[in-house]
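# Survey of secondary and tertiary structure
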Amino acid sequence: MDKRDKNRSERPRQESKSYEYGKSIKKEDETVEKEKPSLALSGNLAKDTNLVNGVVVKYNEPPEARKPRRRWRLYCFKGETELPFYQIHRQSAYLFGRDRLVADIPVDHPSCSKQHAVFQYRLVEYKRKDDTTGRTVKPYIIDLGSTNGTFVNNQQIEAQRYFELREKDAIKFGFSSREYILLHEESKNDLEDLDYDSYDEADNEEKKEESESSTIKKEKKSEVENDEINLKKYKSKKKHKKSRSSSSEPSSSESDDDRDRKRKKKR
C-alpha cells in the first residue's frame, strides 16, 4: 500500500458538518420516540354492553331509575278514535321509536326517529308541608335528539333533558296525529270528560280562580239578600207594635172616664 493510503486509513473520520450561511452546524441525532400503548376507552366496549337485538341504544338509564308503585297507563287516541292503551308500570323506562327491534312502544309515523324519546321513572326528593324531605317516584320524558321533536301539551320540549310529566298530560311525537294521555288506575274512568284543549295548568288554574270568584260572588249576593229580608221583617214588626200600642191607648182612656162617671152617679 502507498503511504497516502495508509495516512487516509489512519485519519479519524470527521463528523459530517452542514454549512448554513457560512456557519458550520453539527447535525443532532434525531431520536424518534416509539408510540406508547393507549389505555383510553375506545367506546367499543360501551357499544357491546348497550346492544339490544344487535342495535346500539342511544340511551342509558340514570342511577335514580326506579319502578313505580302506582300503575300508570298511556291512553292512545288517533283523532276521535280510542286505540288500545299501554300499561307502563312494569319497567323503569320505555323507549319510543320506529325501530321495532329496540322500541318498547313503537311509533310508526315517518316523521318520528328510530329512537325518538324515552319515558323514564326517577326517584326524586320533595318537600312535605312540615318542611321535611321525602322521596317519591315520578314520571319523566326525555327527547333523544329526534329530528322533529317531542311535544307535551302541544309545546315542544328541549332535547336531551328530562321533563316532568303529570296526570292528564298529552304527549305527541313528530308530526304524528296520535296523542298519548298519561293516567293511572286511580284516575277517573270518564275519558270523555277530559277537555283536550285545556291541558295547560295555567288555564286550569285560571278556571279554578274564576269558579271560586263566581261562588264567592254568589255567596255575597245571598248574604246581602238575607240581610235585606231581615231588615224588612224587623221594620214590619216595629210598625205592627206601634199600631197595637196606638189602638190600645184610647180604649184605656175611655174606660177611665166611664169609671169616673159611675163614681159620680153613685155619690
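Residues numbered from 1 in each chain as written. Predicted model: local features only at pLDDT ≥ 70, side-chain atom pairs only at ≥ 80, totals over all residues. Heavy atoms only, no water.

Glancing now at the overall build of the protein chain. When its secondary structure is counted, the protein chain shows 3 helices and 16 strands. Put simply, the protein chain has 267 residues, and 25% of those count as buried. The contacts of the protein chain with a sequence gap of at least 6 include a subset with a gap of at least 24, amounting to 46%. (Helix = DSSP H or I, 4+ residues; strand = E, 2+ residues; numbered from the N terminus. Buried < 20%, exposed > 50% of the residue type's maximum accessible area, 1.4 Å probe, protein only. Contact = heavy atoms within 4.5 Å.)

Before going further, it helps to spend a moment on the nonpolar core. Counting 20 residues, the largest nonpolar core has Leu74, Ile88, Phe119, Ile141 and Phe173 as the members making the most contacts within it. Only strand 5 (72-78), strand 8 (93-97), strand 10 (117-127), strand 15 (170-173) and strand 16 (178-184) provide two or more residues apiece to this core. Of all hydrophobic cores here, the second largest spans 9 residues; its members include Leu95, Val102, Val118 and Leu144. (Core = buried A, V, L, I, M, F, W, Y, C linked by side-chain atoms within 4.5 Å.)

Summarising the model, the protein chain shows a mean pLDDT of 75, and 53% of its residues fall at 70 or more. Here residues 249-253 is modelled with pLDDT under 50, and outside its nearest four sequence neighbours on either side it reaches 0 contacts, counting other chains as well. (pLDDT = per-residue confidence, 0-100.)

This next bit is on the layout of surface pockets. Space inside the second largest pocket adds up to approximately 330 Å³. Along the walls of the second largest pocket sit 16 residues, with Arg70, Trp72, Thr136, Val137 and Lys138 positioned nearest its centre. With 5 residues, the single largest contributor to the lining of the second largest pocket is strand 11 (residues 133-143). A breakdown of the residues in the lining of the second largest pocket according to their chemical character gives 6 nonpolar, 2 polar and 8 charged. (1 Å grid on protein atoms, 1.4 Å probe; cavity = no way out; pocket = protein on both sides within 12 Å on 5 of 7 lines; lining within 4 Å. Points joined across faces, edges and corners; volume = space filled by probe spheres on them. Nonpolar A, V, L, I, M, F, W, Y, C, P; charged D, E, K, R; others polar.)

Counting buried residues along strand 16, 6 of its 7 residues qualify, which places the element largely inside the surrounding structure. Inspection of the sheet shows strand 5 paired to strand 16 by 7 bridges, in the antiparallel sense. Following the sheet pairing, Arg73 is matched in strand 16 by Leu183. Sheet analysis places strand 15 next to strand 16, joined by 2 bridges and oriented antiparallel. Residue pairing across strands places Ile171 opposite Tyr180, the latter belonging to strand 16. Between strand 15 and the antiparallel strand that follows it, strand 16, lie 4 residues; Gly174 among them carries a positive phi value of about 60°. (Pairing = 2+ DSSP bridges.)

We now examine the side chain of His89. Assignment of secondary structure puts His89 in the loop between strand 7 (86-87) and strand 8. In contact with His89, other than residues within four places in its own chain, are Pro68, Arg70, Arg71, Trp72, Tyr94 and Tyr121.

We now examine the packing of aromatic side chains. Taken as a whole, this structure holds 7 aromatic pairs when the rule is applied. Ring centres of Phe96 and Tyr180 lie 6.1 Å apart, and the angle between their planes is 65°; on these two criteria the pair is classed as edge-to-face. Here the residue Phe96 occupies a position in strand 8, and Tyr180 occupies one in strand 16, the gap between them amounting to 84 residues. For Phe96, a relative accessible area of 1% translates into the label buried. For Tyr180, a relative accessible area of 1% corresponds to the buried category. By way of ring pairs, the aromatic residues Tyr86, Phe96, Phe173 and Tyr180 are connected into one cluster. The aromatic ring of Tyr140 is capped on one face by Arg122, whose charged end is 4.8 Å from the ring centroid. (Phe/Tyr/Trp six-rings, centres within 6.5 Å; stacked < 30°, edge-to-face > 60°. Lys NZ or Arg CZ within 6 Å of the ring centre and 35° of its normal.)

Moving on, we get to the sheet that holds strand 10. One open sheet holds the 5 strands; their spatial order is 9-8-10-11-14, and the pairing between them is mixed. Each edge of the sheet is formed by a strand with only one pairing partner; in this case those strands are strand 9 (105-106) and strand 14 (162-164). Judged from the 11 bridges that link them, strand 10 and strand 11 form a sheet pairing that is antiparallel. Bridge pairing in strand 11 places Gln120 opposite Tyr140.

Considering the arrangement of structural elements, one finds Lys78 in strand 5. As for Lys78 and Tyr180, which are separated by 102 residues in sequence, their C-alpha atoms are 9.0 Å apart. For Lys78, the contacting residues outside a window of four places in its chain are Leu83, Ser177 and Arg178.

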